[in-house]
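Reading the structure
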Amino acid sequence: ELARVRPGESVLVHAATGGVGMAAVRIARHLGAEVFATASPAKHGVLEEMGIDAEHRASSRDVDFEDKIRRATGGRGVDVVLNSLTGEFIEASLRLLADGGRFLEMGKTDLRDPEEVAEQYPGVTYHLYDLVTDAGPDRIGRMFECLAELFTSDRLKPLPVRSWPLDKAREAFRFMSQAKHTGKLVLEIPPALDPEGTVVITGGTGALGRLVAEHLVREWGVRHLLLAGRRGPEAPGAAELVEHLRGLGAVVSVVAVDVSDAQAVAELVGKTDPAHPLTGVVHAAGVLDDAVVTAQTRESLARVWSAKATAAANLHEVTRDLRLGAFVVFSSAA
Ligand SMILES: NC(=O)c1ccc[n+]([C@@H]2O[C@H](COP(=O)([O-])OP(=O)(O)OC[C@H]3O[C@@H](n4cnc5c(N)ncnc54)[C@H](OP(=O)(O)O)[C@@H]3O)[C@@H](O)[C@H]2O)c1
């Protein structure tokens, strides 16, 4: 967009193993450019894997890259520099630009005046840019469309990603500040409960299950419920419950399934209407076998454990790859 890279031109990408750097290398290659890159020496193995051989790479920790790349380009220098470095690295990069060269500054800390750069380095254009404020939503939208097309047609490959749940953002930023990472670091925003999705409630015909079902329909706008219990529709009051929930606007199925059985849980989740994929799990199934500790037996503990903990593990296992808005587990001891 800004550098207007043409096939056969040369592009220097600084800090090329980071998220933006890696993306820039791929896009520059896609545009037919010859790519030079810098990174800390410890990450040169990553550059090698990216197809940047020893001739085309240099350290981002000292300014020797200027001489090295000048030699590699037969003294001409490069057409475009994508910069994220500061201080003397900027001067070295500006000197390295050939006539008609474009310097793209994406950093924020060491900015120059484009007119002064033009005076000092004739024939070189200095672009300072901020993607969000300069490009605006329409242009960014067009870029996304163009990129999406390149990804779906396999002409661009997505970057390696390392992700953290949003509540581990502190850890992710700490990791990034150590500059040890390569590729894109991503924070995952937990999905919200989708009112068009299905919520499974185990023990859905029991006392708590019913209350949760009604609450989900009334307060959360959930419209598709799958209520599971060993007796299923035969459980006392099941028909009235379904009637009641339907009256509130929900589509309700009641199924007979023992959730301590892993296979049965997999089948239960498999029964979800594909038009309304699973968005939530509420595990309210449980059996009580209360007794003081000394009166507990192996059998009584096993009975309570299997309906509660084994079932929770089964539910987790079959839904672990789904983007659920909620996974709610009622405990069994208060
Ligand atoms: N943490 C707390 O303070 C607290 C307070 C109250 C309750 N609870 C817990 O919440 C659970 C539910 O309480 P509740 O009052 O709603 O009890 P409930 O009325 O007895 O309901 C339990 C439900 O679980 C179902 N169920 C039991 N074993 C199952 C299995 N293996 N597979 C599928 N469904 C199974 C039962 O249906 P079927 O018999 O048809 O299978 C029934 O619908 C209790 O077990 C208790 O552990 C926790």
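What counts, and where the lines are drawn
Residues numbered from 1 in each chain as written. Predicted model: local features only at pLDDT ≥ 70, side-chain atom pairs only at ≥ 80, totals over all residues. Heavy atoms only, no water. Buried < 20%, exposed > 50% of the residue type's maximum accessible area, 1.4 Å probe, protein only. Helix = DSSP H or I, 4+ residues; strand = E, 2+ residues; numbered from the N terminus. Arc of directions from axis to C-beta. Contact = heavy atoms within 4.5 Å. Phe/Tyr/Trp six-rings, centres within 6.5 Å; stacked < 30°, edge-to-face > 60°. Core = buried A, V, L, I, M, F, W, Y, C linked by side-chain atoms within 4.5 Å. Near = heavy atom within 4 Å. Polar contact = N/O pair within 3.5 Å; in protein donor to acceptor, adjacent residues only side chain to side chain. Areas by Shrake-Rupley, 256 points an atom, 1.4 Å probe, with all protein chains shown as cover. Pairing = 2+ DSSP bridges. Axes fitted to C-alpha atoms, helices over the stretch in contact; angles between N-to-C directions. Domains from an automatic or database assignment. Buried area = accessible area lost by both parts, 1.4 Å probe. Salt bridge = Lys/Arg side-chain N within 4 Å of Asp/Glu carboxyl O. Nonpolar A, V, L, I, M, F, W, Y, C, P; charged D, E, K, R; others polar.

Identification of the protein chain as SDR family NAD(P)-dependent oxidoreductase from Streptomyces mobaraensis is taken from an unreviewed UniProt entry.

1. Some remarks on helix 10 (residues 262-270)
Of all the residues in helix 10, the buried ones are A264, V265, L268 and V269. Projected down its long axis, helix 10 carries its buried residues within an arc of 135 degrees, all on one side. Opposite the buried face of helix 10, by more than 90 degrees, sit the exposed residues Q263 and G270. Where the residues of helix 10 are buried, they touch strand 9 (198-202), strand 10 (224-229), strand 11 (251-256), strand 12 (278-283) and helix 11 (298-319).

2. Some words on the packing of aromatic side chains
Summed over the entire model, instances satisfying the criterion amount to three aromatic pairs. When the centroid spacing of 6.3 Å and the interplanar angle of 5 degrees are considered together, the rings of F65 and F89 count as stacked. Here F65 is found in helix 3 (residues 65-72), whereas its partner F89 is found in helix 4 (residues 88-95), with 24 residues between them in sequence. The exposure classification of F65 matches that of F89, with both residues buried.

3. Notes on the nonpolar core
Ranked by size, the top nonpolar core spans 20 residues in total, and within it V11, V13, V25, L47 and I52 carry the most contacts. Of all the secondary structure elements, the ones that give two or more residues to this core are strand 1 (10-13), helix 1 (19-30), strand 2 (34-39) and strand 4 (78-83). With four residues, helix 1 is the single largest residue contributor to this core. Judged by nonpolar contacts, the second largest core, of 19 residues, contains L12, I69, V81 and I90.

4. So, the site of the ligand
Neighbouring the ligand are 20 residues, the closest being A207, L208, R230, D258 and S331. The contact in question runs from an oxygen atom of the ligand to an N or O atom on the backbone of R230, over 2.6 Å. Its free accessible area being 900 Å², the ligand has 76% of it covered by the protein chains. Residue assignment for the shell around the ligand shows that the elements contributing at least two residues are helix 8 (207-220) and helix 11.

5. Here's the deal with the sheet that holds strand 12
Read across the open sheet, the five strands follow the order 11-10-9-12-13; overall the sheet is parallel. Looking at which strands have only one partner, the edges of the open sheet turn out to be strand 11 and strand 13 (326-329). Within the sheet, the average angular offset between the axes of one strand and its neighbour, ignoring direction, is 15 degrees. The sheet contact formed by strand 10 and strand 11 spans six bridges and is parallel. Residue H224 lies in a different strand from strand 11, and its bridge partner there is V251. Each of strand 9, strand 12 and strand 13 touches helix 11; the most contacted strand, strand 12, lies at about 170 degrees to it.

6. With respect to the sheet that holds strand 1
Strand order in the open sheet formed by six strands is 3-2-1-4-5-6, with parallel pairing between adjacent strands. Edge strands, defined here as strands with exactly one partner in the open sheet, are strand 3 (57-59) and strand 6 (125-128). Geometrically, the sheet is characterised by an average inter-axis angle of 15 degrees between neighbouring strands, direction not taken into account. Where helix 3 meets the sheet, it contacts strand 1, strand 2, strand 3 and strand 4, and its direction lies at approximately 165 degrees from that of strand 3.

7. Notes on the domain arrangement of the protein chain
The assigned domain composition of the protein chain is domain 1 (10-158), domain 2 (160-189) and domain 3 (198-329). For domain 1 versus domain 2, the separation of C-alpha centres amounts to 23 Å. Taken residue by residue, the interface counts eight residues in domain 1 and seven residues in domain 2. Taking both partners together, domain 1 and domain 2 bury about 530 Å²; carbon and sulfur atoms supply 59% of that area. When the buried surface of domain 1 facing domain 2 is broken down by residue, G19, M22 and K43 rank first, second and third, together holding 58% of it. Counting across the interface, domain 1 meets domain 2 through zero salt bridges. For the side of domain 1 that touches domain 2, the leading source of residues is helix 1, giving three residues. A class-by-class count of the residues in the side of domain 1 that touches domain 2 yields three nonpolar, three polar and two charged.

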